[in-house]
Protein chains: 2
Amino acid sequence: MDKKKETITIYDVARVAGVSMATVSRVVNGNSNVKPATRKKVLGVIEQLGYRPNAVARGLASKKTKTVGVVIPDISNAFYSEVTRGIEDIATMYRYNIILCNSDLQQERETQLIETLLEKQVDGLLFLGGNVREEHLRIYEHTNVPVVLVATKVEDNALPAVGIDQHEAAYDATVHFIQGGHKKIALIGGPLTDLVKGYPRYIGYKHALEEHQIEFDEHLIRIGDYRYDSGYQAMSTLLSLTDVPTSVVVLSDEMAVGAIHAILDNGKKIPEDIEVIGYNNIPIASQVRPLLSTVDVPMYDLGAVAMRLLTKYMHGEEVQTGQVTLPHSLKLRSSTRPLGSIEGEQS
Amino acid sequence: MDKKKETITIYDVARVAGVSMATVSRVVNGNSNVKPATRKKVLGVIEQLGYRPNAVARGLASKKTKTVGVVIPDISNAFYSEVTRGIEDIATMYRYNIILCNSDLQQERETQLIETLLEKQVDGLLFLGGNVREEHLRIYEHTNVPVVLVATKVEDNALPAVGIDQHEAAYDATVHFIQGGHKKIALIGGPLTDLVKGYPRYIGYKHALEEHQIEFDEHLIRIGDYRYDSGYQAMSTLLSLTDVPTSVVVLSDEMAVGAIHAILDNGKKIPEDIEVIGYNNIPIASQVRPLLSTVDVPMYDLGAVAMRLLTKYMHGEEVQTGQVTLPHSLKLRSSTRPLGSIEGEQS
DNA sequence: CTGTTAGCGCTTTCAC
DNA sequence: GTGAAAGCGCTAACAG
C-alpha cells in the first residue's frame, strides 16, 4: 500500500480509531487523561496509517515550535563547531530542535538570519561570536523571543551571555612567558576594533607587561584575522626584526600553527629559540609538531551552559542579563618550555 | 512604543492600511497585481507596525516551508563543513533556508532527525555521508519529500546522489606511487564494512597494484577510523615492520597528518624516506609540514551540485536517481616527490 | 486591481 | 475520559 501522496492527518486517525481529534491529540502529546485502552487503540491506528504529526500545524496552534535558532559565524571554524556540540547535546536533552545558520562573517547575512529565524517562530535564539550591533539590539527589543549570547557580549550587558574572561586569559598566557624569564614577548592578535576578542585580549597582554615592569614595544605587535595564513605572515615579519622576540602569544590556535610553521621554515627551533602559546585549544593544537601550548577554553561547556540558560529563559524563569563567565586555564604542551628550565638567553 | 507582547498579524496591517488581508498578503509575497500606491501604503504600515510575517502560518496555508533539512554526520569534520558551505550558498541563492542537523555518527539519531525534519515539513532533504540503511529507505518511500544523497550512495541507486568515484580516486593515488617506482606501498584505510568509502577505496588500491603486477601484501594494510589518532597509530605499526614501506596511501587527510607525525616522530624523513598521500584536501592538508599531497575532492561543489539538484527536484522537475559523479584530481605538494626524481632505494 | 471566504492540521478551552 | 468547536496567521481560489 502506497502511503505516498495522501497526507494523513489527525482527523484520519480519529475517524479510523473512532474517537475525536482531541483524543488523538492527547495521546500524541502524552496527555495522561486518556483511558489506557483508548490510548492503545489510537496508537495502533497511528502505526497502521503511518501517521506523522505536522509540526507546522502544531506550531501554529500551540504557538510553540520547540525549536531554537543558532546563528554561528563560521561553521568551518573548529571553535564554533565544538561550541555547537555542547548546544546540541543539551538541546536534545530538553527535546528542542536546532536550526543552525551560518552567517559566514557577513553582517548583513547575520541580521537577515535573525529575522528569518524569528519569522520561523523559534522559541529561543543563540547568537555565537560575532559582534552584536545596534541593529540586533533593536530587533531583540521588539520581540519576546529569549536570546542568549555565546562567546560574545554586548555593551551594558543588555543581554544574557556566556563566555570566558578574555582579558584574563591573554594576561595569563603573557604572564607565563614573563615567569619563564622572557622580556621580548611578541603578540599576534586580532583587530583591536573587535571589542569582544581582539581588544580585551590585547589589553590583557599589555597589562601583564605593565604589571611586571616590562616595556611595551609596539614593534612586537601584529594583527591577524585569527586564521592560519595571517599567523604565518605575522610571524614571518616578526622573524625579520633585528631583535627577534623569544616568545609569542598568539590569540588563536590556527594563527599559532601558522606561526609555528613560519618559525620552522625560518630554521629556528621551538621552544628552544622561540616559545609559542596559542588560544582556544582546538583539535589542531594537538595535531601539530611541536604540540601547541595554548589557552584551554571550555568550548563545549560554553555551548552547554548557554543552551541550559536558554531553556530556563524559555520556560519563563527569570534570567540575569550580563555574562556568565566560565573558567579557562593554560594547557602547556611542547611549544613552550616547562617553567623552571629557563636559561639566560634573554638579555 | 513597546512592540513586545502583542503579536501583530496580517490582519492588523490590513485594518490599519484600510485594505484586505489578501492585499497585504500580495504585497508581502511580491505579487505584481497590486497598484503601486496601495503597495506603498501597505509597506508603510508594515514598517510602522513592525510587522513580521509568521512563517509557520504561511507554511501551513501554502504547504511549503521554503526550508530544506540537511543531515550531517559530524559537524566538526572539515570535509562536511565544506560541503555544507556549497549547500548553503546555493540554498541562499534559491531562497531556501537550511535546517542543519548533526547525527554525530549515531544511527538512531540519524533516523530520528529525518523523522523530525519530515514533521517540520521540510520541502526537501539532503543526507550527507553516513550509511543509508533499510530503515531510511522505508521512510523515504512513504513520503513525497525529495531526497538527495551527498557523498554517499545506496544500493541499486534507488535515490539521486552526488559524489566522486571513490574507487578511481584511490586507484589514482596508488598509481602515482607505482609510477614513482614504489613497490612497497602501504594503505591506511577505513573499515571495509563501510561500503561507501572504506571498501571501494580499498578495492581501488588493490586494483592499481594488480594492474601493475605488484604483489598485494596484506601486512601493508591498516584500518583506521579516518581520524588523526588512528592515522598515527596505524603508521606507527607500519614503521615497526621489518620491511618498512616506502610510501603510504592514507584515505583521509586527518589520518595522513597523523601518519606524517608518526613518521617524523620516528626520525624518518618525508618524502625522502617515506612518501605520503592523503585524501580529500581539507585545509589541514596545507597546514602541516611537509605540505600534504592528497586527492583533491571538490567538496564545495559536491554540496552545491546536490543542492541545485534538489531545487530542481522540489520544483517538480524529473530527477534521475543514481549518482552524479564529480571529477577529482591529485593535488601534489611536498609529502611526495615530484615524479621523475626517483632514486633507486626501492629494491 | 482588490476583497471574500474557505480552509491548512493541530491545540485548547469548555462542556458533558 | 472524551468530544465539539473555536481559532492560530496565512494563502489561494474565486468573484467582482
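Residues numbered from 1 in each chain as written. Chains lettered and ligands numbered in written order. Predicted model: local features only at pLDDT ≥ 70, side-chain atom pairs only at ≥ 80, totals over all residues. Heavy atoms only, no water.

Participant: Talk me through the overall build of chain A; I want residue IDs and the actual numbers.
Facilitator: Along chain A, the regular secondary structure elements total 12 helices and 12 strands. Expected size for 347 residues packed as a compact globule is a radius of gyration near 20 Å; at 26 Å, chain A overshoots this value by more than 25%. Along the first, second and third principal axes, the C-alpha set of chain A runs to 90 × 40 × 35 Å. Looking at the 347 residues of chain A, the share that counts as buried comes to 55%. For chain A, the proportion of contacts with a sequence separation of at least 24, taken over those separated by at least 6, is 71%. Charge centroids of chain A, computed over 36 positive and 43 negative side chains, lie 14 Å from each other. (Helix = DSSP H or I, 4+ residues; strand = E, 2+ residues; numbered from the N terminus. Rg over C-alpha atoms; globule rule 2.2 N^0.38 Å. Buried < 20%, exposed > 50% of the residue type's maximum accessible area, 1.4 Å probe, protein only. Contact = heavy atoms within 4.5 Å. Lys, Arg positive; Asp, Glu negative; His and termini not counted. Charge placed at Lys NZ, Arg CZ, Asp CG, Glu CD.)

Participant: Any chance you could break down the protein's contact with DNA strand C for me, citing the residues and the numbers?
Facilitator: What surrounds DNA strand C is a group of 27 residues, the closest being I10(A), Y51(A), T23(B), R26(B) and T38(B). Backbone sugar and phosphate groups make up 63% of those atoms of DNA strand C lying within 4 Å of the protein. A distance of 2.3 Å is found between a phosphate oxygen of DNA strand C and a side-chain nitrogen or oxygen belonging to T38(B). In this structure, a base oxygen belonging to DNA strand C sits 3.4 Å away from a main-chain N or O atom of L60(B). Split by residue class, the surface near DNA strand C holds 12 nonpolar, 11 polar and four charged. (Near = heavy atom within 4 Å. Polar contact = N/O pair within 3.5 Å; in protein donor to acceptor, adjacent residues only side chain to side chain. Nonpolar A, V, L, I, M, F, W, Y, C, P; charged D, E, K, R; others polar.)

Participant: Describe the pattern of salt bridges, and please don't skip the residues or the numbers.
Facilitator: With the rule as written, the count across this model stands at 24 salt bridges over all chains. Across the salt bridge formed by R15(A) and D12(A), the nearest N and O atoms sit 3.0 Å from each other. Within this pair, R15(A) and its partner D12(A) are both found in helix α1 (residues 10-17), separated by three residues, close to a single helical turn. Here the salt bridges do not stand alone but share partners, grouping D74(A), D104(A), E82(B) and R85(B) into one network. (Salt bridge = Lys/Arg side-chain N within 4 Å of Asp/Glu carboxyl O.)

Participant: Give me the sheet that holds strand β11 (residues 322-326) of chain B: which residues, what numbers.
Facilitator: All names here are of chain B. With parallel pairing, the six strands of this open sheet are ordered in space as β2-β1-β3-β4-β5-β11. In the strand order of this sheet, the two ends are held by β2 (97-102) and β11, each with one partner. Each strand axis lies, on average, 20 degrees off the axis of its neighbour in the sheet, ignoring direction. Judged from the four bridges that link them, strand β1 (residues 67-72) and strand β3 (residues 124-128) form a sheet pairing that is parallel. Looking at the pairing, V70 lines up with L126 of β3. Sitting on the sheet, helix α6 (residues 107-119) touches β1, β2 and β3, and the angle it makes with β1 is about 175 degrees. (Pairing = 2+ DSSP bridges. Axes fitted to C-alpha atoms, helices over the stretch in contact; angles between N-to-C directions.)

Participant: Please provide a residue-by-residue account of helix α3 (residues 36-49) of chain A, values included.
Facilitator: Residue and element names in this part refer to chain A. For α3, spanning 14 residues, the distance from its first C-alpha to its last is 20 Å, which sits close to the expected 20 Å at 1.5 Å a residue. Along α3, the residues classified as buried are T38, V42, V45, I46 and L49. When α3 is viewed along its axis, its buried side chains cluster within an angular range of 105 degrees and face the same direction. What points out from α3, more than 90 degrees from its buried face, is the exposed set P36, A37, K40 and E47. Packing partners of the buried residues in α3 comprise α1 and α2 (21-28). The first or second residue beyond α3 is G50, which carries a positive phi of 65 degrees. (Expected span 1.5 Å × (residues − 1). Arc of directions from axis to C-beta.)

Participant: Help me get a handle on the packing of aromatic side chains, residues and values and all.
Facilitator: As enumerated under the stated definition, the model contains eight aromatic pairs over all chains in all. Both rings, one in Y205(A) and one in F216(A), keep their centres 6.4 Å apart while their planes meet at 70 degrees; by these two values the pair is edge-to-face. One end of the pair, Y205(A), is in helix α9 (residues 198-211); the other, F216(A), is in the loop between α9 and β7 (221-223), and 11 residues separate them in sequence. Note on F216(A): relative accessible area 27%, which makes it partly exposed. On the numbers, 6.4 Å between centres and 40 degrees between planes, the contact of Y199(B) with Y202(B) is tilted. Of the two residues, Y199(B) and Y202(B) are both situated in helix α9 (residues 198-211); the distance of three residues between them amounts to about one turn of the helix. Residue classification places Y199(B) among the partly exposed positions, given a relative accessible area of 37%. Counting every residue linked through ring pairs, the aromatic cluster contains Y199(A), Y202(A), Y205(A) and F216(A). When the ring centre of Y96(A) is taken as origin, the NZ or CZ atom of K66(A), which lies over that ring, is 4.2 Å away. (Phe/Tyr/Trp six-rings, centres within 6.5 Å; stacked < 30°, edge-to-face > 60°. Lys NZ or Arg CZ within 6 Å of the ring centre and 35° of its normal.)

Participant: Give me the UniProt feature "domain: HTH lacI-type" (unreviewed entry) in chain A: which residues, what numbers.
Facilitator: Sequence positions flagged by UniProt for "domain: HTH lacI-type" (unreviewed entry) are, in local numbering, residues 8-62 of chain A. Counting secondary structure, residues 8-62 of chain A comes out at 69% helix and 0% strand; the distance between its end C-alpha atoms is 20 Å. (UniProt positions renumbered as here; feature names shortened; annotations may be inferred.)

Participant: I'd like a rundown of the environment of G198(A), residues and numbers included.
Facilitator: Residues and elements named next belong to chain A. With respect to the helices and strands, the residue G198 is situated in helix α9. Given a relative accessible area of 1%, G198 falls into the buried group. Placed 32 residues apart in sequence, G198 and Q166 show a C-alpha to C-alpha distance of 9.0 Å. Other than its neighbours up to four places away in sequence, G198 contacts G190, P191, L192 and Y226.

Participant: Let's hear about the protein's contact with DNA strand D: which residues, and what values?
Facilitator: As a matter of local geometry, DNA strand D sits amid 28 residues, with T23(A), R26(A), T38(A), I10(B) and Y51(B) nearest to it. Backbone atoms, meaning sugar and phosphate, make up 64% of the atoms of DNA strand D lying within 4 Å of the protein. Side-chain polar atom of T38(A) to a phosphate oxygen of DNA strand D: 2.4 Å apart, as the coordinates give it. Here a base oxygen of DNA strand D and a backbone polar atom of A61(A) are 3.2 Å apart. Split by residue class, the surface near DNA strand D holds 12 nonpolar, 11 polar and five charged.

Participant: So, the interface of chain B and chain A: which residues are in play, and what are the values?
Facilitator: Taken together, the contact pairs 56 residues of chain B with 56 residues of chain A. For the pair chain B and chain A, the summed buried surface comes to about 4,800 Å²; carbon and sulfur atoms form 48% of the total. The tally of links from chain B across to chain A stands at eight salt bridges. Measuring nitrogen to oxygen at the nearest pair gives 2.8 Å for the salt bridge that ties D104(B) to R85(A). If you look at where chain B meets chain A, you find 19 residue pairs in polar contact (both at pLDDT 80 or more). Among the elements of the structure, α4 (55-62), α5 (78-93), β2, α6, α7 (134-141), α10 (228-239) and α11 (253-265) of chain B are those that each provide at least two residues to the side of chain B that touches chain A. Per-element tally for the side of chain B that touches chain A: the top contributor is α5(B), with six residues. (Buried area = accessible area lost by both parts, 1.4 Å probe.)

Participant: Could you give me a rundown of α7(B), with the residues and numbers involved?
Facilitator: All names here are of chain B. All buried positions along α7 are accounted for by H136, L137, I139 and Y140. All buried residues of α7 fall inside an arc of 160 degrees around its axis, so they share one side. Where α7 is buried, its residues meet α6, β3 and β4 (147-150).

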